[in-house]
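Below, each chain spelled out in residue letters.
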Amino acid sequence: MEVLGKYILSVTSAAIVYSTLQSLLVKNSSSAILLRSIGGLFLTFTVLAPIAELDFDAISDTPWNYSVQG
């Protein structure tokens, strides 16, 4: 559960930083358009990077480890 908490905290922190930077810029300026593009990539990477590092074999074996008594 600790891993899930860290994941949620990192995604939330990235979203807060991105929205704060976006609110400081003029809406239709070229720097705002660039920030939206880079920020979207940053948020996508923040969300997907931990998922790409998962060990799916270990996750699929987990229920069997708890159900076997011995």
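Residues numbered from 1 in each chain as written. Predicted model: local features only at pLDDT ≥ 70, side-chain atom pairs only at ≥ 80, totals over all residues. Heavy atoms only, no water.

A few words now on the overall build of the protein chain. Scanning the protein chain for helices and strands turns up three helices and zero strands. Counted from the first residue to the last, the protein chain has its helices and strands arranged as α-α-α. Within the protein chain, the fraction of its 70 residues that count as buried is 10%. For the protein chain, the accessible area works out to roughly 5,900 Å², and carbon and sulfur atoms hold 70% of it. (Helix = DSSP H or I, 4+ residues; strand = E, 2+ residues; numbered from the N terminus. Buried < 20%, exposed > 50% of the residue type's maximum accessible area, 1.4 Å probe, protein only. Areas by Shrake-Rupley, 256 points an atom, 1.4 Å probe, with all protein chains shown as cover.)

To describe two helices that pack against each other, one gives the angle between their axes and the distance between the axes. Running from N to C, helix α1 (residues 2-24) and helix α2 (residues 30-52) cross one another at 180 degrees; their axes reach a closest spacing of 10 Å. Between α1 and α2, the crossing angle belongs to the class labelled roughly antiparallel. Contacts from Y7, S10, V11, A14, A15, Y18, L21 and Q22 in α1 reach L35, R36, G39, G40, F42, L43, T46, V47, P50 and I51 in α2. The residue inventory of the contact of α1 with α2, partitioned by class, reads 12 nonpolar, five polar and one charged. (Axes fitted to C-alpha atoms, helices over the stretch in contact; angles between N-to-C directions. Parallel < 35°, antiparallel > 145°, perpendicular 65-115°, else oblique. Contact = heavy atoms within 4.5 Å. Nonpolar A, V, L, I, M, F, W, Y, C, P; charged D, E, K, R; others polar.)

Bringing α2 into the picture now. Along its 23 residues, α2 runs 32 Å from first to last C-alpha, staying within 8% of the 33 Å computed at 1.5 Å per residue. Approximately 25 degrees is the largest bend angle found in α2, and it occurs at T46, with the proline P50 only one to four residues beyond. A32, L35, G39, T46 and A49 are the residues of α2 that are buried. Where α2 is buried, its residues contact α1. (Expected span 1.5 Å × (residues − 1). Bend = angle between axes of the 7 residues up to and from the residue.)

Time to look at the confidence of the model for the protein chain. Summing up the model confidence of the protein chain, the mean pLDDT is 80 and the portion of residues at 70 or higher is 79%. No element of the protein chain has a lower mean pLDDT than helix α3 (residues 56-67), at 61, and none a higher one than α1, at 88. (pLDDT = per-residue confidence, 0-100.)

With respect to the helices and strands, the residue A14 is situated in helix α1. On the accessibility criterion, A14 (6% relative accessible area) is buried. When the C-alpha atoms of A14 and F42 are compared, they prove to be 8.0 Å apart, with 28 residues separating the residues in sequence. When neighbours within four sequence positions are excluded, A14 is seen to be in contact with F42, L43 and T46.

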